[in-house]
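Observations on the model geometry
Here is what each chain is made of, one letter per residue.
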Protein chains: 2
Amino acid sequence: MAQKPSIPKGTRDFGPAEMVGRNYIFNIVRSVFRKYGYQCIETPSMENLSTLLGKYGEEGDKLLFRIQNSGEKAALAPEKGLRYDLTVPFARFVVQHQNEIAFPFKRYQIQPVWRADRPQKGRYREFYQCDVDVIGSKSLLNELELVQMVDDVFGQMGIRVVIKLNNRKILAGLAEVSGQPDKLVDITVAIDKIDKIGLDAVKQELTEKGLTEQAIAVIEPVLTLSGTTAEKLARMRELLAASETGLKGLEEIGTLFSLIDGAGISQTVELDLSLARGLNYYTGAIFEVKALDFAIGSICGGGRYDDLTGIFGLPNTSGVGISFGADRIYDVLCGLDLFPKDAAAAATVLFTNMGEREVAYSVPVAAALRKAGFACEIYPDSARLKKQFEYADRKGIPYLAIVGDQEVAEGTVTLKNLATGEQRRVAKGDLAAALS
Amino acid sequence: MAQKPSIPKGTRDFGPAEMVGRNYIFNIVRSVFRKYGYQCIETPSMENLSTLLGKYGEEGDKLLFRIQNSGEKAALAPEKGLRYDLTVPFARFVVQHQNEIAFPFKRYQIQPVWRADRPQKGRYREFYQCDVDVIGSKSLLNELELVQMVDDVFGQMGIRVVIKLNNRKILAGLAEVSGQPDKLVDITVAIDKIDKIGLDAVKQELTEKGLTEQAIAVIEPVLTLSGTTAEKLARMRELLAASETGLKGLEEIGTLFSLIDGAGISQTVELDLSLARGLNYYTGAIFEVKALDFAIGSICGGGRYDDLTGIFGLPNTSGVGISFGADRIYDVLCGLDLFPKDAAAAATVLFTNMGEREVAYSVPVAAALRKAGFACEIYPDSARLKKQFEYADRKGIPYLAIVGDQEVAEGTVTLKNLATGEQRRVAKGDLAAALS
């Protein structure tokens, strides 16, 4: 007897129920992307290692899955790797196909990525990313559109969210006016901790990181900033008056907030000066989305990067984009019981199978029902009815079309609602109407 | 200056226009699968090599892409490989999850597969398969359903096809009555060539392959079979009278043909006794689909395999399935110009951008239009109008919503049909109605 088969650790099978949920997410995300004029592209699962190496830091290089060469080159060092994210392949795509692309290029991409991470709860070696980016335009309208799409996606799903906004230039400006621009990351981390550990502990941490007392004095007002977004921005304008970069960041985020106001979605958006994700490569706006009613990390995030394609030889091309985390969104929808109930049904009707004559009768009836838009099945074997009922139940099929001697003789079908137990005889031509 | 980046040979980027076509195919296939109660599953891109090795013959083993182990095991022999098809992972899935599955299990799976084949025109190292199978039922109703789905898919696409049917048991029976059952493959190949090379050449080939004169005499009537399907089957019943297997095959295919008649789709189906694809593992029905109006290989095919999951420890589980070839279907749709024209448009409307004030005006108008179900964009930058027009043209956007001083003052939009050049001023609240 063969051993029960298994799959590589960190990977997953998705059965029918999970796929219904996952496709629900992908379909909403996809339809929203399209509504804003974003176009789908797909890139190969494997990229040349020269495309991937050095793009994700030293740690990232280690986490690339390398593919053994085939044929005569099998013994040589691998030349190909599985893609690690969708951003670098997108940058490669844009440079490679720059002459075929209409800029600004608005693209979305929903494909798996692979990382040789140590598998653990919620962290997989293969997972989907849903990325949407626009490249070739510096306009803040693009940032607005991304915020609108986030609002639209989670609105459709019924997930209440907060969309946090920041701007890398503000953080850079703050480090600048503190006199220690090299401490940008430490300052940002400290701001991030203020709610958890309090002002004194944050100040102590900054001291330990080597910030001078003078620098800390400059930063302190930011740590205790309060009021409306407008008030915070006004206060920041005073604090960063000496930094051109900082003022530029404040101007950008101010413009973005007024665009968001104009679009009527300001209630879900908030300024968060501690937001620093992807600080290494973002140069302008930074986004992060959190679910309000479910404790989990961010479910969507992104930002602007001013020179994404420079690494591949196309400099000065600014892009901005966000990525939706399908796995976490799935967990939120499960946790809040927000998946639509009817989506799980594999079909609307199961025709019973009581033998050849009944099946011959059911085949054209089922075909007509499908033409009318209803998913339906005929149970393939003439098994015990109990077994056929159980099958319908396990597949979430809400109606049974029972076809026996009498129904065949009459030209009818007995339609049974499996939830209520109700059943009634319907002329075979009226079946679609009876189900509507 | 960096070298222009590239992708591994045998792989492809799919840009927006190609993805529109590909998604058109996947969406139709998927919607038909669902209409018949098939459920989606997905399996990991990488499988343990122990799952894959030995399943595709010696040649197949060589064509598996192997993934280098990560971390401490990097120097050891690879343990994982990229999936080579969707059938073996499906069998593995069924065995691994047998206790969670409602049998008969009707599943579809649309995912890429990888083969380290020598790349050439029309042959890629990464390509999608669209597989639909039912496992755990021997009923010929399943075969009928597959034929119905093929008819439905290509009917929706407007591709005229012939669905060829055969049964492995008939071929086995023929080899049996010829007295040389070991020559099954040679006999099948010979039957396949009759149209191309003629009776005498086929007989000569059979002689060269070591068939006796007596055996050839038994086979000859099959080579020259003519008449309707019913007539052919009747004649075959005489010829295979001495073979239990052969008669069983004829009975199966006879039943299937009468089910197909009952479903009203017999005009697209034909008996083809030379059909032998996948002869190694099919045990019953064999299917192949060809386009009538475009010269290309088969665009869909499959068959029944009586013991698919035995290799993984679950014996006696019969399955039947087919696979749609997305790449070839794409070529047929292109070649016959059957892709719907409007599908290529990235959006319905592009709002021009003449400056901040106009954009502030357009943002809520565009938002309302999206709510009404229209995909639209606002050009992000205040560029020359000519550039904005070109952008709409390149993205196939049929309407321009021109917003200048006057429109803002009036609360209107100038709607321009880019195909006809016609333009008219519309109240901003009437835009959705004007586009319907």
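If you're wondering where the values come from, they're calculated on a predicted model, not measured in any experiment.

With that settled, the discussion passes to the overall build of chain A. Scanning chain A for helices and strands turns up 15 helices and 16 strands. Reported as C-alpha extents along the three principal axes, the dimensions of chain A are approximately 95 × 65 × 45 Å. Put simply, 65% of the contacts in chain A that link residues at least 6 apart link residues at least 24 apart. Total accessible area on chain A is roughly 18300 Å²; 49% of this is exposed by carbon and sulfur atoms. Here chain A carries 52 positive and 56 negative side-chain charges, and the mean point of each set is 5 Å from the other.

According to the stated counting rule, one finds 50 salt bridges over all chains in the structure shown. A salt bridge links E59 of chain A to K62 of chain A; the nearest nitrogen and oxygen atoms lie 3.8 Å apart. Placement of both E59 of chain A and K62 of chain A in helix α3 (residues 57-62) is noted, with a separation of three residues, approximately one turn of the helix. On the basis of relative accessible area, K62 of chain A is assigned to the exposed category, the value being 55%. With its nearest N and O atoms 3.0 Å apart, the salt bridge here joins K106 of chain A to E377 of chain B. Taken together, the positions of K106 of chain A in strand β5 (residues 105-114) and E377 of chain B in strand β13 (residues 376-378) put the pair across two chains. In this pair, the class of K106 of chain A matches that of E377 of chain B, namely buried. Shared partners join several salt bridges into a network, and the residues in it are K106 and E145 of chain A together with E377 and K395 of chain B.

Strands pair in a sheet through their backbones, by hydrogen bonds, and they do so in one of two ways: parallel or antiparallel. All names here are of chain B. Taken together, five strands build an open sheet; the order of strands is β13-β12-β14-β15-β16 and the sheet is mixed. Of all the strands in the sheet, the pair left with one neighbour each is β13 and β16 (423-427). Between one strand axis and the next, the sheet turns through 25° on average, direction left out of account. The pairing of strand β12 (residues 349-351) with strand β14 (residues 399-402) spans three bridges and is classified as parallel.

On to the interface of chain B and chain A. Counting residues at the interface gives 90 residues for chain B and 89 residues for chain A. Buried surface at the junction of chain B and chain A, both sides included, amounts to about 7500 Å², of which 57% is carbon and sulfur. If you sort the residues of chain B by the area they bury against chain A, P5, E42 and R370 of chain B come out on top, with a joint share of 8%. On inspection of chain B and its partner chain A, the count reaches four salt bridges. In this structure, D13 of chain B and R92 of chain A form a salt bridge, with 2.5 Å as the shortest nitrogen-oxygen distance. One can count 32 residue pairs in polar contact (both at pLDDT 80 or more) joining chain B with chain A.

Rules of the game
- Residues numbered from 1 in each chain as written.
- Chains lettered and ligands numbered in written order.
- Predicted model: local features only at pLDDT ≥ 70, side-chain atom pairs only at ≥ 80, totals over all residues.
- Heavy atoms only, no water.
- Helix = DSSP H or I, 4+ residues; strand = E, 2+ residues; numbered from the N terminus.
- Contact = heavy atoms within 4.5 Å.
- Areas by Shrake-Rupley, 256 points an atom, 1.4 Å probe, with all protein chains shown as cover.
- Lys, Arg positive; Asp, Glu negative; His and termini not counted.
- Charge placed at Lys NZ, Arg CZ, Asp CG, Glu CD.
- Salt bridge = Lys/Arg side-chain N within 4 Å of Asp/Glu carboxyl O.
- Buried < 20%, exposed > 50% of the residue type's maximum accessible area, 1.4 Å probe, protein only.
- Pairing = 2+ DSSP bridges.
- Axes fitted to C-alpha atoms, helices over the stretch in contact; angles between N-to-C directions.
- Buried area = accessible area lost by both parts, 1.4 Å probe.
- Polar contact = N/O pair within 3.5 Å; in protein donor to acceptor, adjacent residues only side chain to side chain.

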